[in-house]
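An overview of the molecular structure
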Amino acid sequence: MKRTKISSLATEAFLLAIMTIVISSCSSSTNATTPPNTVTMSGSQFHPKTLTITKGTEVTWLNDDGVTHTSTSDKGIWDTKDIEAGKSKKIPFNTVGTFTYVCIYHSNMGMVGTIIVQ
Ligand SMILES: [Cu+2]
């Protein structure tokens with residue numbers, strides 16, 4: 001009887017551990033901790049690929065990858081130049097419009113994005 005109680009406690013502890021892992025992995029996959037107006041660079045892709053902001057706000061590009069990336073307007077409007085792993089750069093957007101951009105190193109891998117300013 002005593003043995004049964006111990007094993008059920010162990011089972012509860014195990015289930016609690018699993019639930020904690022599931023909950024924490026869910027919150028990271030939904031980017032709950034990502035600040036607004038931020039484009040994360042990971043897996044040599046921009047996340048989100050299209051970001052809509054209001055005129056007058058800054059967009060932060062955050063490099064969450066192991067390699068250097070850039071955010072470079074394909075019309076020459078802005079260029080963050082190199083953003084090293086773990087670093088970030090901000091660009092202000094004061095003009096309404098749709099702006100496409102690339103990472104100069106990985107555009108051939110589909111590392112392209114769009115900022116829509118309203
Ligand atoms: Cu890149």
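Residues numbered from 1 in each chain as written. Predicted model: local features only at pLDDT ≥ 70, side-chain atom pairs only at ≥ 80, totals over all residues. Heavy atoms only, no water.

Our next topic: the sheet that holds strand β4 (residues 57–63). The four strands are arranged β2-β1-β4-β6 in an open sheet whose pairing can be described as mixed. Either end of the sheet is taken by a strand with one partner, and the two such strands are β2 (45–47) and β6 (88–93). In this sheet, adjacent strand axes meet at a mean angle of 25 degrees when their direction is disregarded. In terms of strand pairing, strand β1 (residues 38–42) meets β4 through four bridges, oriented parallel. Within the sheet, the bridge partner assigned to T38 lies in β4 and is T60. (Pairing = 2+ DSSP bridges. Helix = DSSP H or I, 4+ residues; strand = E, 2+ residues; numbered from the N terminus. Axes fitted to C-alpha atoms, helices over the stretch in contact; angles between N-to-C directions.)

This next bit is on the pattern of salt bridges. This structure, assessed with the given rule, holds one salt bridge. Residues K87 and E84 are paired through a salt bridge, measuring 3.9 Å at the closest nitrogen-oxygen approach. With relative accessibility at 47%, the residue K87 sits in the partly exposed group. (Salt bridge = Lys/Arg side-chain N within 4 Å of Asp/Glu carboxyl O. Buried < 20%, exposed > 50% of the residue type's maximum accessible area, 1.4 Å probe, protein only.)

Across the sheet, which stays open at both edges, the four strands sit in the order β3-β8-β7-β5 with mixed pairing between neighbours. Both outer strands of the open sheet, β3 (50–53) and β5 (72–73), are each paired with one neighbouring strand and no more.

Attention shifts here to the coordination of the copper ion. Here the copper ion is held by H69 (ND1), C103 (SG) and H106 (ND1), and the distances to it run 1.9 to 2.1 Å. Taken in sequence order, the residues that donate to the copper ion follow the motif H-x33-C-x2-H. Here H69, found in the loop between β4 and β5, pairs with C103, found in the loop between β7 (97–102) and β8 (112–117); they are 34 residues apart in sequence, far enough to count as distant. Like H69, the residue C103 is buried in the burial classification. (Donors = N, O, S within 2.8 Å, 3.2 Å for Na, K, Ca; no water.)

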